[in-house]
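# Coordinate analysis (summary)
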Amino acid sequence: AASFARRLLEMPDMSSEKNADARSKAQKVLQKSEQQGRNDFQIDYDEKNPFSIDCFRLKPIYKGTASIKCSYCQSSYSVDYKGKLCQTCGICSVGLDTVGLVTQSAVVRAK
């Protein structure tokens with residue numbers, strides 16, 4: 001909570017009068033979280049490292065880590081899920097490169 005409140009307070013728009021209420025709440029959250037400073041839950045999160053979300057495990061895939069995408073909706077997955085059905089769109093297999101939309105019925109007719 002402290003990290004999120006700090007990032008909110010660093011935003012340029014937070015200094016304007018229209019955001020005075022949000023700024024006040026963020027300052028209170030920051031102050032309270034610094035006083036009570038505890039981490040009840042361990043989560044796999046690094047606020048300084050950009051990431052995308054693995055749509056199967058719902059965990060971060062940090063920049064520089066190998067990942068694959070759904071060719072239809074571009075949802076990200078770790079490489080373990082190559083060939084599995086996309087959890088987001090339910091249309092494509094993850095990690096397959098296509099030249100366009102390829103449907104299952106087109107593949108069956110070609111055989």
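What comes next concerns the included structure.

Here is what the cut-offs are and how they apply
Residues numbered from 1 in each chain as written. Predicted model: local features only at pLDDT ≥ 70, side-chain atom pairs only at ≥ 80, totals over all residues. Heavy atoms only, no water. Helix = DSSP H or I, 4+ residues; strand = E, 2+ residues; numbered from the N terminus. Contact = heavy atoms within 4.5 Å. Areas by Shrake-Rupley, 256 points an atom, 1.4 Å probe, with all protein chains shown as cover. Salt bridge = Lys/Arg side-chain N within 4 Å of Asp/Glu carboxyl O. Buried < 20%, exposed > 50% of the residue type's maximum accessible area, 1.4 Å probe, protein only. Arc of directions from axis to C-beta.

With that settled, the discussion passes to the overall build of the protein. When its secondary structure is counted, the protein shows 3 helices and 4 strands. Residue pairs in contact within the protein that sit at least 24 positions apart in sequence constitute 23% of those at least 6 positions apart. For the protein, the accessible area works out to roughly 8800 Å², and carbon and sulfur atoms hold 52% of it.

Quick look at the pattern of salt bridges now. Per the stated rule, a full pass over the model turns up 3 salt bridges. Arg-57 is paired through a salt bridge with Asp-54; the nearest N and O atoms lie 3.1 Å apart. Assessed through its relative accessible area of 0%, Asp-54 is described here as buried.

Moving on to helix α1 (residues 2-10). For α1, the full list of buried residues reads Ala-2, Ser-3 and Ala-5. Projection of α1 onto a plane perpendicular to its axis shows the buried side chains occupying an angular sector of 165°, all on one side. As for α1, its buried residues are in contact with α2 (20-36).

Before going further, it helps to spend a moment on the side chain of Ser-76. Examined against the element boundaries, Ser-76 turns out to sit in strand β4 (residues 76-78). Look past the residues within four positions of Ser-76 in its chain and what remains in contact with it is Ser-52, Ile-53, Asp-54, Cys-55, Ile-61, Ile-68 and Lys-69.

It is worth spelling out the environment of Tyr-62 at this point. Inspection of the secondary structure puts Tyr-62 in strand β2 (residues 60-62). Under the relative-accessibility criterion, Tyr-62 is labelled buried at 14%. Each C-alpha atom of the pair Tyr-62 and Pro-50 lies 6.0 Å from the other, and the pair is 12 residues apart in sequence. Those residues within four positions of Tyr-62 in sequence are excluded, and the remaining contacts are Asp-44, Tyr-45, Asp-46, Asn-49, Pro-50 and Phe-51.

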